[in-house]
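If you want the building blocks of each chain, they are given just below.
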Amino acid sequence: MSPEQLAPIRAQFFQECVDLLADLETGLDALEQGDPDPETINTVFRAAHSIKGGAAIFGMGELVQFAHDMENVLDALRGGQIPAGPSTLKPLLRAADVLSDLIAAERDGQPLDLASVAAATAALAALTAPESDALPEPSDDDLDGLTFAPVPVNLDLDGPAQARTWRLRLRPYADLYRKANDPLLLLSELGGLGPLSVQLDTTALPPLDALNPEESYLGWTLELHTAAPEAEIREVFEFVEGDCDLEIAKTPPPESGQETASADIPSAPLDEAPTPRAAPTPSPTIAQPPSIRVNLERVDRLVDLVSELVIGEAALAERVSALPGASNSGATSALDDLRRLTRDLQESVMAIRAQPVRSLLQRMSRLIREVEAITGKSVALTTEGEETEVDRAVIERLTDPLTHMIRNAIDHGIESPAARAAAGKPSEGSIHVVVAHRAGRVVIEVTDDGGGIDRERVHAIAIDRGLISATDLLGDEEIDNLIFEPGFSTTEHASDLSGRGVGMDVVRRSVQALGGRISVTSRRGQGASFSLSLPLTLAVMDGMLVSAGGQCLVVPLTALVESVKPKAGDVRQLGAGVTVMAIRGTPVPLIDLGAALNYGGRPVCPAGPTDGVALLVEDDTGERVALRVDEIIDQRQVVIKSLEANYRPMDGVAAATILGDGRVALIVDVNAIIGGRRARGHDHVRQAAHA
Amino acid sequence: MLDLAPRDPAAENSVELITFRVGDQEFCIDATSVKEIRGWTPATPLPDSPPCVRGVINLRGAVLPIVDLAARLALPPTEPTARHVVIVVWIGRRQVGLLVDAVCDIQTVPRNQLRPAPNLKSEALDGLITALFTAGDRMVALLALDEVLPALSEPTP
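Residues numbered from 1 in each chain as written. Chains lettered and ligands numbered in written order. Predicted model: local features only at pLDDT ≥ 70, side-chain atom pairs only at ≥ 80, totals over all residues.

Draft legend 1. Fine view of the overall build of chain A. Regarding its fold elements, chain A presents 19 helices and 22 strands. Counting only residues that meet the buried cut, chain A has 31% of its 691 residues in that class. Considering only contacts in chain A between residues 6 or more positions apart, those separated by 24 or more positions represent 67%. (Helix = DSSP H or I, 4+ residues; strand = E, 2+ residues; numbered from the N terminus. Buried ≥ 20, exposed ≤ 12 C-beta atoms within 10 Å, placed from the backbone. Contact = placed C-beta atoms within 7 Å.)

This is the structure we're talking about:
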């Protein structure tokens, strides 16, 4: 195949790897918690195996080798040759991280930390080393419960010279062919092990008019006479496991009753035939309903169509209600039914974009292992609510803030083992992450059992950096939340959020950019708890619908502090073109929203400013201004529509939305308006300087 | 109506064009770029936009800009009514609506009848009009869609 043909298959492989790695890690985590279900280890084994198989197709040698090493350890674990304790699982979890790095390296061509690969390979080898010499290739038959002492067991290895006859049934699925496997190659490889007889099974072949040329109907019944052990036969089918029904059985040696055996084969339903090894169909430990992969664009299209439907339905309802006698005609109640259905439909469609936060939390357990290695602290992560579903875009953009919160908790929260011992705490610190739905939002709490926030120090730093004055009286909670203030942290690198030592103000800013809020509570000596709440989806937000400059505009509710009806005494003009308004005694700049957006809105009138409403808004840095609008129309949920998709980004406008009557309303970018006022002010200064 | 230009059997040697009226002038664009044609609905004005951008409308859930071709061609701006027409076109991956007075015709024109536009010595039109062809007794100008919406990616200065 040409590279162009291979590219989509490669892409699919990497996509599958994401799921497989998740299965692998979920399973290993479960094993670490003492999950006794044998299916768990099978799932983990299959995941490693599938990655190896895929990697082999694309000739990713290092990845194949590493996955193979993992597989060996997992096989030994499955066979009970090595215990399922922390001494086994810690290296396995670390190996899963390395495996994920290797995959990323193949996918993105990123440089690889060879030292960590070598270390993980050595750790894996150490796990199997003492046993692997003593035990032959593990077979699935009777090895369970064996200790490492080689006990003579009646197995299929009682003499390499003794050949026996094996009966195999192979029935490929269509997927086997789609992955460019060829049964002929398998059969000829099998023939290399000994004399082979092949019988074609055409029982599943439908009549010609019902035949789907892309489906797989044929199977084979094989008789192989060989001295090779079962493992060697299985190895032939290594890369098609999961893509075919495969049955391997010894024929009873005394009577090689081939006629009776082969006679009932074709009639037996192949699917129901018991397989000696665990069924290769993916059935992960966590019972998951079947799912399909869907192109995200199609889902987004569906979301768009449904919001159109909602608008269409509203327009129809409005027209019907205007008709004479509408209330008696039954049309109104039919429309009510329709409205309920469209609302259900909208919720269902939004639910398609939702994903459980499990993948996010898994990344955090990996992070903890890394930070543990760097800091020398030992931390146990416990999580709750990993099934909670959130819009995938929110999950993607949560990774950085959550990463930093957890890093921060280990770096600054959890004390050194010595200090913990002195405080009478267990030497291993704990971080508890809870994800839950609350009041239409998703809430994430990160709680550590470290030293908590040192209020005296925070207070001193805040005074030192000029954030508060020494005479300010602050409550405990206010002091704690000073850590989110811009300028509190000493570091300046705001871009690399996941890097070390970035200020919490960056975390707060990125959370607020998602329409969220973050706060902290702390108890000295007992730990701190960060709580962050976010909207369930980025596609919908709460907004205040206002009119200004003759237009309908939406002000995001997250930016809105309060709305005030200005009184004459509250507003005054300072110099030319600057107006301030006192809200609860504090003066803030008063900006006419229509004028700020160049809608030709009236300039703010200093004499009679009591018309209209002032909205007190706050940007991400906490700076406040009052926006003058003509009137407040309504508060509602709006669907966010991009302006960039078909046009371009615009200053002062964050996005657009579609109103009930089908018209477009712009969503105000409060940050840009507050920042733009500052920039325009500078322009003024510059112009004055040039004049 | 216009005389149809003779159909060329070799399709690759001809091009299908949609012709429309802006003021009393006739223009055309490549028909394969046209997504749909719809009546005018009021657009939401955008702050700080060039005069030819009338604003944005909602087209089945997508928000797309409307370009007043008259203003873009340096003619007096259109005063749109319900009888005006919006031609929705693809410009790359973007959908853009073109406000015109009326759509006239679809016609197939042999490529060899398209004459490159001369240097028009006009800042507004240079690059916008790529070719001209004669249909009956009229001269129709072919618009380059890429040039219709200027400075697409640059934010407002």
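Once you've had a look at it, read on.
Draft legend 2. Main features of the overall build of chain B. On a plain count of helices and strands, chain B comes out with one helix and eleven strands. Starting at the N terminus, the α and β elements of chain B follow one another as β-β-β-β-β-α-β-β-β-β-β-β. Split into buried and exposed, the 157 residues of chain B put 32% on the buried side. A separation threshold of at least 6 residues defines the contact pool for chain B, and within that pool the share at least 24 residues apart is 57%.

Draft legend 3. Quick peek at the packing of helix H13 (residues 392-413) of chain A against helix H17 (residues 504-513) of chain A. Residue and element names in this part refer to chain A. Close contact between H13 and H17 brings their axes to 9 Å; oriented N to C, the two are set at 150°. On the basis of their axis angle, the class for H13 and H17 is roughly antiparallel. Where H13 crosses over H17, the handedness of that crossing is left-handed. In this structure, H13 contributes Asp-400, Pro-401, His-404, Met-405 and Asn-408 to the contact, and H17 contributes Met-504, Val-507, Ser-510 and Val-511. In the contact of H13 with H17, the residues fall into five nonpolar, three polar and one charged. (Axes fitted to C-alpha atoms, helices over the stretch in contact; angles between N-to-C directions. Parallel < 35°, antiparallel > 145°, perpendicular 65-115°, else oblique. Left-handed = near helix turned anticlockwise from the far one by under 90°. Nonpolar A, V, L, I, M, F, W, Y, C, P; charged D, E, K, R; others polar.)

Draft legend 4. The nonpolar core, seen in detail. Counting 83 residues, the largest nonpolar core has Val-555 and Val-668 of chain A together with Val-56 of chain B as the members making the most contacts within it. Residues Ile-368, Phe-484, Met-504 and Ala-528 of chain A belong to the second largest nonpolar core, which totals 40 residues. (Core = buried A, V, L, I, M, F, W, Y, C linked by C-beta atoms within 7 Å.)

Draft legend 5. Spatial organisation of the interface of chain B and chain A. Counting residues at the interface gives 22 residues for chain B, matched by 26 residues for chain A. Secondary structure elements with two or more residues in the side of chain B that touches chain A: strand S4 (53-59), strand S5 (62-68) and strand S7 (94-100) of chain B. By residue number, the principal contributor to the side of chain B that touches chain A is S5 of chain B, which donates four residues. When grouped by side-chain class, the residues that make up the side of chain B that touches chain A number twelve nonpolar, six polar and four charged.

Draft legend 6. Spatial organisation of the confidence of the model for chain A. Residues and elements named next belong to chain A. Within chain A, residue pLDDT values average 77, and 82% of them lie at 70 or more. A low-confidence stretch, residues 254-285 stays under pLDDT 50, and its non-local contacts, those more than four residues away or across chains, total 39 contacts. Every residue in residues 604-608 scores below 50 in pLDDT, and together they form nine contacts with partners more than four places removed in sequence or on other chains. (pLDDT = per-residue confidence, 0-100.)

Draft legend 7. Molecular detail of the environment of Val-53 of chain B. All names here are of chain B. On the secondary structure map, Val-53 appears in strand S4. The exposure class of Val-53 is buried, given the 22 C-beta atoms found within 10 Å. Contact partners of Val-53, with chain neighbours within four places excluded, come to Leu-46, Pro-65 and Val-67.

Draft legend 8. Seen up close, the sheet that holds strand S13 (residues 551-556) of chain A. All names here are of chain A. The strand order across the open sheet formed by five strands is S20-S12-S13-S22-S21, and the pairing between neighbours is mixed. A single partner strand is all that each edge strand has here, and the edge strands are strand S20 (631-639) and strand S21 (653-658). Strand-to-strand twist of the sheet, defined as the mean angle between neighbouring strand axes without regard to direction, takes the value 35°. (Pairing = 2+ DSSP bridges.)

Draft legend 9. A look at the pairing of strand S6 (residues 85-91) of chain B. Residues and elements named next belong to chain B. Relative to S6, strand S3 (residues 34-39) runs antiparallel, the two being bridged by five bridges. Bridging from a neighbouring strand, Gly-39 pairs with Val-85 of S6. Where S6 meets S7, seven bridges bridge the pair, whose relative direction is antiparallel. Pairing of Ile-87 across the sheet is with Leu-98, part of S7. Where S6 folds back on S7, the antiparallel hairpin that results is connected by two residues, among which Gly-92 adopts a positive phi of roughly 65°.

Draft legend 10. View of the confidence of the model for chain B. Residues and elements named next belong to chain B. When pLDDT is averaged across chain B, the result is 84; 87% of the residues are at 70 or more. For residues 1-6, every residue scores under 50 in pLDDT, and the model assigns this stretch 15 contacts once sequence neighbours within four places are set aside. Confidence over residues 153-157 falls short of pLDDT 50; this stretch has nine contacts with residues more than four positions distant or in other chains. Here the complex is predicted with pTM 0.52, and the ipTM for its interfaces comes to 0.84.

Draft legend 11. View of helix H10 (residues 296-322) of chain A. Residue and element names in this part refer to chain A. The terminal C-alpha atoms of H10 lie 40 Å apart, and with 27 residues this matches the ideal 39 Å at 1.5 Å per residue to within 8%. Those residues of H10 that fall on the buried side of the exposure criterion are Val-303, Val-306, Ser-307 and Ile-311. Looking at the buried positions of H10, the neighbouring elements they touch are helix H11 (331-353), S20 and S21. (Expected span 1.5 Å × (residues − 1).)

Draft legend 12. Seen up close, unusual backbone geometry. Non-glycine residue Arg-584 of chain A carries a positive phi angle of around 50°. Mapping Arg-584 of chain A onto the fold places it in the loop between strand S16 (578-583) and strand S17 (586-592). The backbone phi angle of Ala-74 of chain B is positive, close to 65°, even though this residue is not glycine. Topologically, Ala-74 of chain B is positioned in the loop between helix H1 (69-72) and S6. Residue classification places Ala-74 of chain B among the exposed positions, given that 12 C-beta atoms sit within 10 Å.

Draft legend 13. Structural detail: the sheet that holds S7 of chain B. Residues and elements named next belong to chain B. One open sheet accounts for five strands, arranged S3-S6-S7-S5-S4; its pairing is mixed. Lying at the two open borders of the sheet, with one neighbouring strand each, are S3 and S4. Strand-to-strand twist of the sheet, defined as the mean angle between neighbouring strand axes without regard to direction, takes the value 30°. Where S5 lies against S7, three bridges are found, and the strand directions are parallel. In the strand pairing of S7, Val-67 is matched with Leu-98.

Draft legend 14. Main features of the environment of Ser-321 of chain A. With respect to the helices and strands, the residue Ser-321 of chain A is situated in helix H10. Overall, Ser-321 of chain A belongs to the exposed group, with 12 C-beta atoms counted inside 10 Å.

Draft legend 15. Focus on the packing of helix H2 (residues 38-57) of chain A against helix H3 (residues 61-78) of chain A. Residues and elements named next belong to chain A. Running from N to C, H2 and H3 point in directions that differ by 160°, and their axes come no closer than 9 Å. As summarised for this structure, H2 and H3 are arranged roughly antiparallel, according to the angle between their axes. Once H2 is placed against H3, the crossing between them reads as left-handed. Contact residues: H2 offers Ile-41, Val-44, Phe-45, Ala-48, His-49, Ile-51, Lys-52, Ala-55 and Ala-56, while H3 offers Leu-63, Val-64, Ala-67, His-68, Met-70, Glu-71, Leu-74, Asp-75, Leu-77 and Arg-78. Residues belonging to the contact of H2 with H3 are distributed by class as follows: 13 nonpolar, two polar and four charged.

Draft legend 16. View of H2 of chain A. All names here are of chain A. The first and last C-alpha atoms of H2 sit 29 Å apart over 20 residues, in line with the 28 Å expected at 1.5 Å per residue. Judged by how many residues are buried, H2 sits mostly within the fold: 16 of 20 residues are covered. Backbone geometry just downstream of H2 places Gly-59 in the positive-phi region, at approximately 65°.

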